[in-house]
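# Working through the structure, step by step
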Amino acid sequence: GKLRAELAPGGELLVGYVGRLAVEKRVDLLAQVATLPGVRLVIVGRGPAESAVRRAVPSALFLGQRGGDHLAAIYASLDVFVHSGPHDTFGQTLQEAAASGLPVVAPAAGGPLDLVRDGVTGFLVAPGDPAALAGAVARLVADPALRAAQGSAGRRLVLGRSWPVMCDELIGHYQAVLDAAGTIRAKAA
C-alpha cells in the first residue's frame with residue numbers, strides 16, 4: 001500500500017523492530033540486519049538509548065512512537081519482524097507481529113521461547129549474536145514462500161492464544177486437576 005511505498009521506495013523488503021529503545025533491548029544487535037542487501041530496517045519506538053541506536057544502526061528508518069491504527073498499518077507493511085533483546089518476559093510485540101502474519105526472528109531466551117516455534121513461525125537464534133539474527137533474516141528475505149508459510153503459521157498460533165482461548169484452557173486444566181483429585185479421593189474412600 002501507500003505506507004509500504006513510502007518506507008521502501010526502492011522495493012526493499014521491510015524488516016521491523018517495535019519496542020522501547022532502552023539499552024537492555026539490545027537494538028544495536030540489528031546493525032548487521034540493516035546492512036543486508038535489499039533490506040530496509042524500520043525501528044518503531046522511543047527511549048533513552050535512541051541516540052546510541054541511531055549511531056549503531058545509521059541506515060535504519062526511525063518512525064518514533066506509534067500506536068493503534070498507525071502501528072497496525074506498519075505491521076501490515078512489514079515482511080519480517082525482528083526482536084533483539086534477550087531479557088523480555090512477555091512478548092506483546094511478538095504476538096502483534098504474528099497476528100499480523102509476520103515471521104518472527106528472536107533470541108532463544110525469555111518470552112520468545114513460548115511465542116516462536118523455531119522453523120515453523122520464525123527462527124530462534126542464539127541470544128546476543130548479531131550474525132545469527134542477520135543470518136535468520138537473510139534466509140527469510142531470500143525465500144518468499146518460507147516467509148508466507150511462517151507468517152500464516154504464526155498467525156494461526158497466536159490467534160489460538162487469544163485471552164478467551166487461554167482462559168478456557170486454564171479452566172480446562174483446573175477442571176482436569178479437580179477431576180483427578182476427585183478420582184483419587186474416591187479410590188481412597
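Basis of the calculations
Residues numbered from 1 in each chain as written. Predicted model: local features only at pLDDT ≥ 70, side-chain atom pairs only at ≥ 80, totals over all residues. Heavy atoms only, no water. Helix = DSSP H or I, 4+ residues; strand = E, 2+ residues; numbered from the N terminus. Axes fitted to C-alpha atoms, helices over the stretch in contact; angles between N-to-C directions. Parallel < 35°, antiparallel > 145°, perpendicular 65-115°, else oblique. Left-handed = near helix turned anticlockwise from the far one by under 90°. Contact = heavy atoms within 4.5 Å. Nonpolar A, V, L, I, M, F, W, Y, C, P; charged D, E, K, R; others polar. Expected span 1.5 Å × (residues − 1). Buried < 20%, exposed > 50% of the residue type's maximum accessible area, 1.4 Å probe, protein only. Arc of directions from axis to C-beta. Polar contact = N/O pair within 3.5 Å; in protein donor to acceptor, adjacent residues only side chain to side chain. Pairing = 2+ DSSP bridges.

Along the chain, valine 23 falls in the loop between strand S1 (13-18) and helix H2 (31-34). C-alpha of valine 23 to C-alpha of glycine 47: the two residues are 24 residues apart in sequence and 9.0 Å apart in space.

Packing of helix H5 (residues 92-99) against helix H8 (residues 144-159) leaves a shortest axis separation of 7 Å and a crossing angle of 120 degrees. Here H8 runs oblique to H5, going by the angle between their axes. The crossing of H5 and H8 is left-handed. Of H8, the residues touching H5 (which contributes Gln95, Ala98 and Ala99) are Gly151, Gly154, Arg155, Val158 and Leu159. A per-class count over the contact of H5 with H8 returns 4 nonpolar, 3 polar and 1 charged.

The subject of this paragraph is the environment of alanine 138. Topologically, alanine 138 is positioned in helix H7 (residues 130-142). Sequence separation of alanine 138 and threonine 93 is 45 residues, and the distance between their C-alpha atoms is 21 Å.

The terminal C-alpha atoms of H7, which comprises 13 residues, lie 18 Å apart, in line with the 18 Å expected from a rise of 1.5 Å per residue. Buried within H7 we find Leu133, Ala134, Ala136, Val137 and Leu140. When H7 is viewed along its axis, its buried side chains cluster within an angular range of 165 degrees and face the same direction. Seen from the buried face of H7, the exposed residues on the opposite side, beyond 90 degrees, are Arg139 and Ala142. Residues of H7 that are buried make contact with S1, H2, strand S4 (80-82), strand S5 (104-107), strand S6 (122-125) and H8. For H7, the side-chain oxygen to backbone nitrogen distance between the N-cap and alanine 131 is 3.0 Å, and the N-cap itself is aspartate 129.

On to the sheet that holds strand S2 (residues 39-44), then. Here we have 6 strands laid out as an open sheet, ordered S3-S2-S1-S4-S5-S6, and parallel in their pairing. Every other strand in the sheet has two partners, leaving strand S3 (61-64) and S6 as the edge strands with one partner each. The sheet shows a mean angle of 20 degrees between the axes of neighbouring strands, direction not considered. For S4 and S5, the ladder comprises 2 bridges, and the chain directions are parallel. For valine 82, the partnering residue across the bridge sits in S5 and is valine 105.

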